[in-house]
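Structural characterization, general
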Amino acid sequence: MIIVTIVLAIAGLLVGGGGGVVVTRRQQSLAAQKTKDEAKKELAKAKKEAEETIKKANDEADRRVEEARKDEQKRRSELKELEQRVITREDSLDKKLDELDKRSENLRKSEGEVEELKNEIRDIRGKQQEKLEKIAKLSKADASEKLMQMTERDIKNDLLGLINKIQNDAKENAEEQAATILVTTMERMASEVTAERTVTAVKLEDEEMKGRIIGKEGRNIQALQRATGVDILVDETPGMIVMSSFDPVRREVARQTMEMLLKDGRVHPGRIEEVVEKAQKQVQKDVVRAGEDAAREVGIVGVPKEILQLMGELKYRTSYGQNVLKHSVEMAQLAGVLAEELGANVKTAKYAALTHDMGKALSHKVEGKHHHITGEMLRKYGAPEEVALAAEQHHDDMDATTTEALIVRVVDAISGARPGARNVSAENFAERMKDLENTALGFEGIEKAYAISAGREVRVFVQPKAIDDLSAIRLARDIANKIESTMQYPGTIKVNVIRETRAIEFAK
């Protein structure tokens, strides 16, 4: 039984396995058939799309070929038209050339005929001249010379009279016209008159400040005088301190120093030196601003800054009591008016007139007359040559070679000669003070020198390393001897040589 059961089980398994294999194979066959059908459909669809694309491409190619053919036809027609035009122009030019050839030939014939007529006329004139020379028994040159001599004798007196009349009229008219131009120029200017002044007064708000300014045993006022080179007078005049010096630059530095000290209230030798340095820097700024304002006032642009610096320094210079910067501005304005009247270069005349006294701003260390120095400085700092020449030639030791130089010379005389413009005594005083200082500065080892007390005293500050105490005594005697031998002055002059040694260290 057991064996029969086992045999039946094995037989069942074999039957079931065979049935499963048959089912699997059928499913695979159906899937393959389905895949083939889908592939056929896709292939048909692709063929259809390809046919449509090819058709469109063929249509586009046909269209472009047709457009190219039409363009080609159009270009050919245009070329034919151009070719026809060129042929027509060539025919026209050929006709014109033929006409020109015919005209040229006719002109050559006409020129030949004209030349033949000229030759005939020359022959006739030559024969007539020969007949006249035989009749007159004179050649053509002799006859011409005799005719000129006769004519000259007849009109010589008349010509001399006419020339004299023209010259006299020219002189009279020139003088009258020049006077009219100068008067017109001067009438358009109105300037201030000169006031001789060598002192500056500073107002005090508090009388107690006088004591501070003087300081203990006069140390403060001595320090002020030593630093600025100015006489400071603190007298019984209520509410006023007076500073006296012939040099306006020093007076201005001293004035600003005094005002700063009075405003601050701290007055001692160390503070005084600090404030003097600040005042000197402020004066330097004022100098530059004054030069710029002067150039702007007369309408000159593009002036180098070095020239403006020297021009600004003229604000503190005087010539016979006349402020040199104001004198230069006045001259520039006069020169502009005069140049317009005469038809000269207005800018050159103004520029030269404004800078003509620039050499006066330089110290005695630069040798030469001020107008020669002016010309050198203008050339050095890049001013135009015509400006340098006109400024340099404004004095009589050089010939004025240009109209602008003559204008500068004339307006310099006008500005200086008008009533109230100058004061000779002030200029003489200033020159004597400068001579005193320059005499002292001519010795070695001197740091600075100041002429004070209206020229009755010269204070000389020496370099302590270069001059010892014994040398200072000898130096005072030498300066006094040189002043006695080279200068003329009333009364006596005190020579005060000051030697001061300072030791400075810093605690850090």
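Our subject is the structure that appears above.
All figures in this text were calculated on a predicted structure; none of them were measured in a lab. For every chain, the first residue of the written sequence is number 1, and numbering continues from 1 along that sequence. The predicted origin of the model limits local features to residues at a pLDDT of at least 70 and limits the giving and counting of side-chain atom pairs to 80 or more, whereas totals for whole chains, interfaces and linings rest on all residues. Note that water and hydrogens are dropped before the side-chain values are worked out from all heavy atoms of the structure.

Quick look at the overall build of the protein chain
In this text, helices come from DSSP runs of H or I with a minimum length of four residues, and strands from runs of E with a minimum of two, each type numbered from the N-terminal end. Counting its secondary structure elements, the protein chain contains 14 helices and 8 strands. A buried classification covers 30% of the 508 residues belonging to the protein chain. Considering only residue pairs separated by 6 or more positions, the protein chain has 61% of its internal contacts joining residues 24 or more positions apart. Accessible surface is estimated by sampling points in the Shrake-Rupley manner with a 1.4 Å probe; for residues, cover comes only from the protein chains shown. Total accessible area on the protein chain is roughly 34600 Å²; 53% of this is exposed by carbon and sulfur atoms. Buried residues are those whose accessible area, probed at 1.4 Å on protein chains only, stays under 20% of the maximum for their type, while exposed residues exceed 50% and partly exposed ones sit between those limits. Note on contacts: a residue pair qualifies if any of its non-hydrogen atoms lie within 4.5 Å across the two residues.

Some thoughts on the pattern of salt bridges
Throughout this description, the term salt bridge denotes a Lys or Arg side-chain nitrogen within 4 Å of a carboxyl oxygen of Asp or Glu. Applying the stated criterion across every chain yields a total of 22 salt bridges. Where Arg266 meets Asp264, a salt bridge forms, and the shortest distance between an N and an O atom there is 2.9 Å. When its relative accessible area of 47% is taken as the criterion, Arg266 is described as partly exposed. In this structure, Glu457 and Arg459 form a salt bridge, with 3.1 Å as the shortest nitrogen-oxygen distance. Accessibility assignment for this pair places Glu457 and Arg459 in one class, buried. Among the charged side chains, a salt-bridge network with shared partners connects Asp264, Arg266, Arg271, Glu274 and Lys278.

Thoughts on the packing of helix H6 (residues 269-298) against helix H7 (residues 305-313)
The geometry of H6 relative to H7 is characterised by a closest axis approach of 7 Å and an angle of 105 degrees between their N-to-C directions. On the basis of their axis angle, the class for H6 and H7 is roughly perpendicular. Where H6 abuts H7, its residues Gln284, Val287, Val288, Ala290, Gly291, Glu292 and Ala295 lie against Leu308, Gln309, Met311, Gly312 and Glu313. Helix axes are fitted to C-alpha atoms over the stretch in contact, other axes to C-alpha atoms as well, and angles between N-to-C directions run from 0 to 180 degrees. Should an angle fall under 35 degrees it is called roughly parallel, over 145 degrees roughly antiparallel, and 65 to 115 degrees roughly perpendicular, with every other angle called oblique.

Overview of the sheet that holds strand E8 (residues 494-498)
Paired through backbone hydrogen bonds, the strands of a sheet run either parallel or antiparallel to each other. Whether two strands pair comes down to DSSP finding at least two bridges between them. Judged by pairing direction, the sheet is mixed, and its 3 strands sit side by side in the order E6-E7-E8 without closing on themselves. At either end of the open sheet lies a strand with only one pairing partner, and these are strand E6 (446-452) and E8. On average, adjacent strands in this sheet sit at an angle of 15 degrees to one another, irrespective of strand direction. Relative to strand E7 (residues 457-462), E6 runs antiparallel, the two sharing 6 bridges. The residue of E7 that forms the bridge with Ala451 is Val458. Helix H4 (residues 219-228) contacts E6 and E7 of the sheet and is inclined by roughly 110 degrees relative to E6. Along the sheet, helix H14 (residues 469-486) makes contact with E6, E7 and E8, crossing E8 at roughly 150 degrees.

Observations concerning the sheet that holds strand E2 (residues 231-233)
Across the sheet, 3 strands lie side by side as E1-E3-E2; this open sheet has antiparallel pairing. Edge strands, defined here as strands with exactly one partner in the open sheet, are strand E1 (199-203) and E2. For this sheet, the mean angle separating the axes of adjacent strands, direction not counted, is 25 degrees. Pairing between E1 and strand E3 (residues 240-244): 5 bridges, direction antiparallel. Its bridge partner lying in E3, Val199 is registered against Ser244. Along the sheet, helix H5 (residues 248-264) contacts E1, E2 and E3; its crossing angle with E1, the most-contacted strand, is approximately 10 degrees.

Regarding a negative patch on the surface
Surface patches are defined over residues having more than 30% relative accessible area and no salt bridge, joining like charges when they lie within 9 Å and nonpolar side chains (Val, Leu, Ile, Met, Phe, Trp, Tyr) when within 5 Å. His is not counted here, nor are the chain ends, while Lys and Arg score as positive and Asp and Glu score as negative. Charge placement uses NZ in Lys and CZ in Arg. For Asp and Glu, CG and CD serve respectively. A contiguous patch of negative charge on the surface is contributed by Glu90, Asp91, Asp94, Asp98, Glu99, Asp101 and Glu105. Summarising the element assignment, Glu99 is placed in helix H1 (residues 2-136).

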